[in-house]
Amino acid sequence: MGLIPADSVNFMMLYDNGLAEVIERRGRDDQFVKPRTRAFRFAFVPTLKWIYDHKEVRYIADVRQSPDWFQPVEDHWLRSYLGAPVIIDGRVIGLINADGSQTHQFSEQHIQYLKAFADQASIAIRNAGLYEQVQRHADELEQRVKERTEELQRINRSLEAEISQRREVEQVLEAERNLLRTLIDALPDQIAIRDATGRYTLINAAMERYLRQYRPDDPLLGLTDFDVLLRPTAEGTLADERRVLESGQPLLNKEVEVFDPEAGHKAYLLSSKIPLLDHNNRPAAVLSISRDITVLRRVESEMAHVISSANCLLWYADASYEHDALAWDIHIANDDVAQQFLPLALADGEDYARAWDRFVLREDLDRLRRRTFNALLAHVPSYSEEVR
């Protein structure tokens, strides 16, 4: 389940009519994936009602000790719950729910992770709505231009009427152009259009904020990246745009490393470049869309550092009690780090987890499994055991 050790995660939509519906779910295995349920009134479920009313994350470390917990029959395995609201314009439109099969399964850090996921979901849903509006208005604009052109062709017998109609069309186009501009300026992504010579012909508000770090006062339209950015960054951008113009094919989701002068350190962008065609259906300009993923890369780097610098062997096992026996599946956090810490002779195609299971003495492994089995039954949060 990524950064949150949940056995089951689902996204639940809350509708204005008071109904709730789970529209997406993920589980570690079939045991933890709830069957699809029909829509229900969330006001009758105290935990969901509390999150909706308070607009805050709710964590129940032991659902059996919570007086307002409602336990469906199919969730008999559930022992801990973590839920976060997805909020847009101050209104809760959905919930992200994480379920655990053990009590106290989630920590304060997991709570913060889920809250961050819910916030990102809110932004993504909002951005998707803005994108749909841009597309809808672009389609409307195209249709209106077509209708106005046909109308002008029908009334070309009168010059005065034709001029009047042209002015009317220009006013409509300007109003809708302003609306389109407002929409792209509201997007957090950096959006720019460069012509075949690499000069800026359009930039949105986010892109202007980024470029102003380098050129705080000068006009930006008509400049190239060599006029604004550091030379290595400009050379990389120019090479990508030439490739797009020559091939006519988009370049999607390329990660680019740049220097952030305001922050004073490297930054990372996820960049896409799309060719814009002229009336001869030839690439004449490039639309670029870039998203700042610096925070995401920093979190990934910190997680990798924690794993690589650990002075111990980090592992976990999916363990469950099935048919009077302990089901046991070992996972190693990082095979390379584990091999450095405790070298094992791996067979061809064998991973470290299987080798570790093979090298541990049978009597010690049986003792460890019995200890784990008893800990699961007794809901013991932690224990230690030596093996040879």
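What's the story with a nonpolar patch on the surface in this structure? I'm lost.
On the surface, a cluster of nonpolar side chains totalling about 310 Å² of accessible area is made up of Leu3, Phe117, Val295 and Val299. Within the element layout of this structure, valine 295 appears in helix H7 (residues 294–308).

Even after reading the chapter, I still don't get the sheet that holds strand S7 (residues 190–195), so can you show me in this structure?
Sheet strands line up and pair through hydrogen bonds in the backbone, either parallel or antiparallel. Pairing within the open sheet is antiparallel, and its 5 strands lie in the order S8-S7-S11-S10-S9. The sheet is open, and its two edges are formed by strand S8 (200–203) and strand S9 (251–260), each paired on a single side. Between one strand axis and the next, the sheet turns through 25° on average, direction left out of account. Sheet topology places S7 next to strand S11 (residues 283–292); 6 bridges connect them, and they run antiparallel. Following the sheet pairing, alanine 192 is matched in S11 by serine 288.

Would you explain the environment of alanine 98 in this entry?
Looking at the element boundaries, alanine 98 is found in strand S6 (residues 91–100). Residues in contact with alanine 98, not counting those within four places in the same chain, are Ile4, Ala6, Ser8, Val9, Ser80, Tyr81, Leu82 and Phe106.

Can you help me understand unusual backbone geometry in this one?
When glycine is set aside, most residues are seen to have a negative phi, and most peptide bonds are trans. The backbone of aspartate 89 shows a phi angle near 55°, a positive value even though the residue is not glycine. Within the secondary structure, aspartate 89 is located in the loop between strand S5 (80–88) and S6. For histidine 104, which is not glycine, the phi dihedral falls at a positive 55°. For histidine 104, a relative accessible area of 59% gives the class exposed.

Help me understand the packing of aromatic side chains in this model?
Any two aromatic rings considered together are summarised by their centre-to-centre distance and by the angle between their planes. Taken as a whole and assessed by the stated rule, the structure comprises 4 aromatic pairs. Measuring from centroid to centroid gives 5.2 Å for tryptophan 69 and tyrosine 81, while their planes differ by 45°, and the two rings are tilted. With tryptophan 69 in the loop between strand S4 (58–60) and S5 and tyrosine 81 in strand S5, this pair connects stretches of sequence that are 12 residues apart. Taking the centre distance of 5.9 Å and the plane angle of 75° together, the rings of tyrosine 210 and tyrosine 214 count as edge-to-face. According to the relative accessible area criterion, tyrosine 210 is buried, its value standing at 10%. Residue tyrosine 214 is classed as buried on the basis of its relative accessible area of 18%. Above the ring of tryptophan 50, the side-chain terminus of arginine 58 is found at 5.0 Å from the ring centroid.

It is not clear to me how the pattern of salt bridges should be interpreted in this structure. Could you clarify?
When the charged atoms of two side chains with opposite charge come close together, those side chains can pair. The full count for this structure, using the stated rule, is 23 salt bridges. With a closest N to O distance of 2.1 Å, arginine 26 and glutamate 24 form a salt bridge. For arginine 26, a relative accessible area of 51% gives the class exposed. By relative accessible area, which is 37% here, glutamate 24 ends up partly exposed. We note a salt bridge from aspartate 218 to arginine 215, for which the minimum N-O separation is 2.6 Å. Its relative accessible area of 33% is what places aspartate 218 among the partly exposed residues.

I keep staring at the pairing of strand S1 (residues 8–14) and nothing clicks. Help me out?
In the case of a regular strand, side chains alternate between the two sheet surfaces. Along S1, 6 of the 7 residues are buried, which leaves the element largely enclosed by surrounding structure. In this sheet, strand S2 (residues 19–27) lies alongside S1 in antiparallel orientation, the contact comprising 7 bridges. When the bridges of S2 are listed, methionine 12 appears paired with valine 22. Here S1 pairs with S6 via 6 bridges, running antiparallel. Opposite valine 9, over in S6, you have alanine 98 as the bridge partner.

I would appreciate a short explanation of the packing of helix H9 (residues 352–359) against helix H10 (residues 362–378) in the present structure.
Any two packed helices are characterised by how steeply their axes cross, that is the angle between the axes, and by the distance between the axes. One way to put it is that H9 packs onto H10 with a least axis distance of 8 Å and a crossing angle of 110°. One way to sum up the angle between H9 and H10 is to call them roughly perpendicular. In this structure, H9 uses Trp356, Asp357 and Arg358 to contact H10, whose residues at the interface are Arg362, Leu365, Leu368 and Arg369. In terms of residue class, the contact of H9 with H10 is made up of 3 nonpolar, no polar and 4 charged.

Even after reading the chapter, I still don't get the nonpolar core, so can you show me in this structure?
Generally speaking, nonpolar side chains in soluble globular proteins are found buried as a group. Membership of the largest hydrophobic core comes to 17 residues, with the highest contact counts inside it found for Ile4, Leu82, Val86, Ile96, Ala98, Phe106 and Leu114. Looking at this core, the elements with two or more residues in it are S1, S5, S6 and helix H2 (108–154). Counting residues per element, this core draws most heavily on H2, which supplies 5 residues.

Can you help me understand the sheet that holds S4 in this one?
Taken in spatial order, the 6 strands line up as S3-S2-S1-S6-S5-S4 in an open sheet, and their pairing is antiparallel. Here the strands that pair on one side only, and so sit at the sheet edges, are strand S3 (40–41) and S4. With 2 bridges joining them, S2 and S3 adopt antiparallel strand pairing. Bridge assignment links leucine 19 to a residue of S3, and that residue is arginine 41. Contacts between helix H1 (residues 46–54) and the sheet are confined to S1, S3, S4, S5 and S6, with S5 contributing the most and set at about 35° to the helix.

Thresholds applied
- Residues numbered from 1 in each chain as written.
- Predicted model: local features only at pLDDT ≥ 70, side-chain atom pairs only at ≥ 80, totals over all residues.
- Heavy atoms only, no water.
- Patch = residues over 30% accessible without salt bridge, like charges linked within 9 Å, V, L, I, M, F, W, Y side chains within 5 Å.
- Areas by Shrake-Rupley, 256 points an atom, 1.4 Å probe, with all protein chains shown as cover.
- Salt bridge = Lys/Arg side-chain N within 4 Å of Asp/Glu carboxyl O.
- Helix = DSSP H or I, 4+ residues; strand = E, 2+ residues; numbered from the N terminus.
- Pairing = 2+ DSSP bridges.
- Axes fitted to C-alpha atoms, helices over the stretch in contact; angles between N-to-C directions.
- Contact = heavy atoms within 4.5 Å.
- Buried < 20%, exposed > 50% of the residue type's maximum accessible area, 1.4 Å probe, protein only.
- Phe/Tyr/Trp six-rings, centres within 6.5 Å; stacked < 30°, edge-to-face > 60°.
- Lys NZ or Arg CZ within 6 Å of the ring centre and 35° of its normal.
- Parallel < 35°, antiparallel > 145°, perpendicular 65-115°, else oblique.
- Nonpolar A, V, L, I, M, F, W, Y, C, P; charged D, E, K, R; others polar.
- Core = buried A, V, L, I, M, F, W, Y, C linked by side-chain atoms within 4.5 Å.

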